[in-house]
Amino acid sequence: MKRALLLAAIDPSIGGVLIFGDRGTGKSTAVRALAALLPPMRAVVGDPYQAAPRAGVRGQKTHLVPVPVVDLPLGATEDRVVGALDLEKALASGEKAFQPGLLARANRGFLYIDEANLLEDHLVDVLLDVAASGENVVEREGLSIRHPARFVLVGSGNPEEGELRPQLLDRFGLSVEVATPVDLPTRIAVVKRRDAYDRDPRGFCAQWQTADQAIGRRLTAGRKRLAQIETSDAALTRVAELCLHLGTDGLRGELTLMRAARALAALEGAQEVLDVHIRTVAPMALRHRLRRNPLDEAGSTVRVERALAEVFGP
């Protein structure tokens, strides 16, 4: 889960992360903690969409702002998500003004949907449109607004509470499963850390600040190194062979697997994409893209690992 979030932060074109697992396994905690690891971004002062400074334009006032990590509540209305008429200005001065929604706040950052499998269908349709185009179009109440809305979509959920719509599932680049720890030392360590945080949040954060900063530096270095990572024809052949072996629909699986492997190589300081990078990210990039096989009772992750053994060898 943590590796998938870091890869999506290094290369947003991967397409976001879907986290499915048991309740109380730290899914929401991990997503919200990501904000503290991300270096601040430079944005134009006063821009409601945190727009990046445009090259060659003089006189722009800019400042550093935190990368937004915006929660999309299940009960949010469509107006709250996409934006709507600013009623306060309309009533006070008769002026038609746009009040940006959650999609505007999430631009250049992360949009987090807890319990994504319970999201209402009309909001799913909105997210699909915006995720595909990278911009939000609002045509209502005499307003005609078009603004950038490029974000990394992160969703979490419990599979026992229902499945995700296939259209939205396909929009997530990576999918991971989180299970409750079954070994005693891990469970004890988690409980001790949570109790320590509840007793003294500031002291706990100070204790782990050095480790957080180290991860943040790796993340920043990975972003800078990404453009220099080479992807050889041999690596692309491996990627295509694996997807062909699994029978994934379309070519989105190959693209996502290639981008995720390249991001992992950048995170680990490698010069090029190697087989080990492809093998590491293949389950999270492909497990949610497999067709259901009624004759094969194995889970999707097991099927991917079986295909890896056949394509790459044991």
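From a predicted model like this one, the values you see are computed outputs, not experimental measurements.

**Some thoughts on the pairing of strand 11 (residues 174–178)**
Part 1: Judged by how many residues are buried, strand 11 sits mostly within the fold: four of five residues are covered.
Part 2: Two strands pair when backbone bridges link them, and strand 1 (residues 17–21) and strand 11 are joined in this way by five bridges, in the parallel orientation. Paired with Ile 19 across the two strands is Val 176, which belongs to strand 11.

**A few points about the sheet that holds strand 4 (residues 69–71)**
Part 1: Spatial ordering of the open sheet is given by 4-7-10-1-11, a layout of five strands whose pairing is parallel. Of all strands in the sheet, those bounded by a partner on one side alone are strand 4 and strand 11. Across this sheet, the average inter-strand angle for adjacent strands is 20 degrees, counted without regard to direction.
Part 2: Sheet topology note: the strand 7 (residues 110–113)/strand 10 (residues 152–157) ladder contains four bridges and is parallel. Across the sheet, residue Leu 111 finds its bridge partner in strand 10, namely Leu 153.

**Topic: the environment of Gln 167**
Part 1: In this structure, Gln 167 sits in helix 7 (residues 166–169).
Part 2: Its relative accessible area of 42% is what places Gln 167 among the partly exposed residues.
Part 3: Between the alpha carbons of Gln 167 and Asp 125 there is a distance of 8.9 Å; along the sequence they are 42 residues apart.

**Remarks on unusual backbone geometry**
Part 1: A positive phi angle is found at Gln 50, which is not glycine, with a value near 50 degrees.
Part 2: Position of Gln 50 relative to the elements: it lies in the loop between strand 2 (41–44) and strand 3 (62–65).
Part 3: You can call Gln 50 buried: its relative accessible area is 17%.
Part 4: Phi is positive for Glu 115, close to 55 degrees, though the residue is something other than glycine.
Part 5: Positionally, Glu 115 belongs in the loop between strand 7 and helix 6 (121–133).

**Quick look at the packing of aromatic side chains**
Part 1: Tallied over the entire structure, the rule returns two aromatic pairs.
Part 2: Centroid distance Phe 204 to Trp 208: 6.3 Å. Interplanar angle 45 degrees. Geometry classified as tilted.
Part 3: Using a relative accessible area of 18% as the deciding quantity, one classes Phe 204 as buried.
Part 4: Three or more aromatic residues link up through ring pairs in this structure, and these residues are Tyr 197, Phe 204 and Trp 208.

**Structural notes on the pattern of salt bridges**
Part 1: Overall, the coordinates contain six salt bridges when judged by the stated rule.
Part 2: With a closest N to O distance of 2.6 Å, Arg 146 and Glu 135 form a salt bridge. In this pair, Arg 146 is assigned in strand 9 (residues 143–148) and Glu 135 in strand 8 (residues 135–140), connecting sequence segments eleven residues apart.
Part 3: With relative accessibility at 27%, the residue Glu 135 sits in the partly exposed group.
Part 4: A salt bridge links Arg 238 to Asp 275; the shortest N-O distance between them is 3.5 Å. Here Arg 238, found in helix 11 (residues 233–246), pairs with Asp 275, found in helix 13 (residues 275–286); they are 37 residues apart in sequence, far enough to count as distant.
Part 5: Of the residues examined, Arg 238 reaches a relative accessible area of 24% and is grouped as partly exposed.

**As for the side chain of Asp 11**
Part 1: In this fold, Asp 11 is placed in the loop between helix 1 (2–10) and strand 1.
Part 2: Buried and unpaired, Asp 11 has no salt bridge, with Arg 262 as the nearest side chain of opposite charge at 4.6 Å.
Part 3: Residues in contact with Asp 11, not counting those within four places in the same chain, are Leu 226, Arg 259 and Ala 263.

**Regarding the packing of helix 13 against helix 14 (residues 300–312)**
Part 1: Orientation of helix 13 relative to helix 14, taken along the N-to-C sense of each, is 155 degrees, at an axis distance of 9 Å. Taken together, helix 13 and helix 14 sit at an angle that is classed as roughly antiparallel. As helix 13 packs across helix 14, the resulting crossing turns out to be right-handed. Of helix 14, the residues touching helix 13 (which contributes Asp 275, Ile 278, Arg 279, Ala 282, Pro 283 and Leu 286) are Thr 301, Val 304, Leu 308, Ala 309 and Phe 312.
Part 2: Residue classes in the contact of helix 13 with helix 14 are distributed as eight nonpolar, one polar and two charged.

Parameters at a glance
- All residue numbers refer to positions counted from 1 along the written sequence of the respective chain.
- The predicted nature of this model means local features are confined to residues of pLDDT at least 70 and side-chain atom pairs, given and counted, to a pLDDT of 80 or more, with totals for whole chains, interfaces and linings taken over all residues.
- In computing side-chain values, all of the structure's heavy atoms are included and hydrogens and water are not.
- Buried means the residue's accessible area, taken with a 1.4 Å probe over protein chains only, is under 20% of the maximum for its type, while exposed means over 50%, and partly exposed covers the values in between.
- Under the scheme used here, helices are H or I runs from DSSP no shorter than 4 residues and strands are E runs no shorter than 2 residues, and both carry numbers assigned from the N terminus.
- DSSP-based pairing: two strands are paired if at least 2 bridges between them are found.
- Axis definition: a line fit to C-alpha positions, over the contact stretch in the case of helices; interaxial angles, taken between N-to-C directions, run 0 to 180 degrees.
- Aromatic pairing here means that ring centres of Phe, Tyr or Trp (its six-membered ring) are within 6.5 Å. Orientation follows from the plane angle: under 30 degrees is stacked, over 60 is edge-to-face, and everything else is tilted.
- Take a side-chain nitrogen of Lys or Arg and a carboxyl oxygen of Asp or Glu: if they are within 4 Å of each other, that pair is a salt bridge.
- When charges are counted, Lys and Arg are positive and Asp and Glu negative, with His and the chain ends excluded.
- Contact definition: two residues touch when any of their heavy atoms are within 4.5 Å.
- If an angle is under 35 degrees, it is roughly parallel; if it is over 145, roughly antiparallel; if it lies from 65 to 115, roughly perpendicular; otherwise it is oblique.
- It is the rotation of the near helix from the far one that decides the hand of a crossing: anticlockwise by less than a right angle makes it left-handed, clockwise makes it right-handed.
- Classification used: nonpolar for Ala, Val, Leu, Ile, Met, Phe, Trp, Tyr, Cys and Pro, charged for Asp, Glu, Lys and Arg, polar for all others including Gly.

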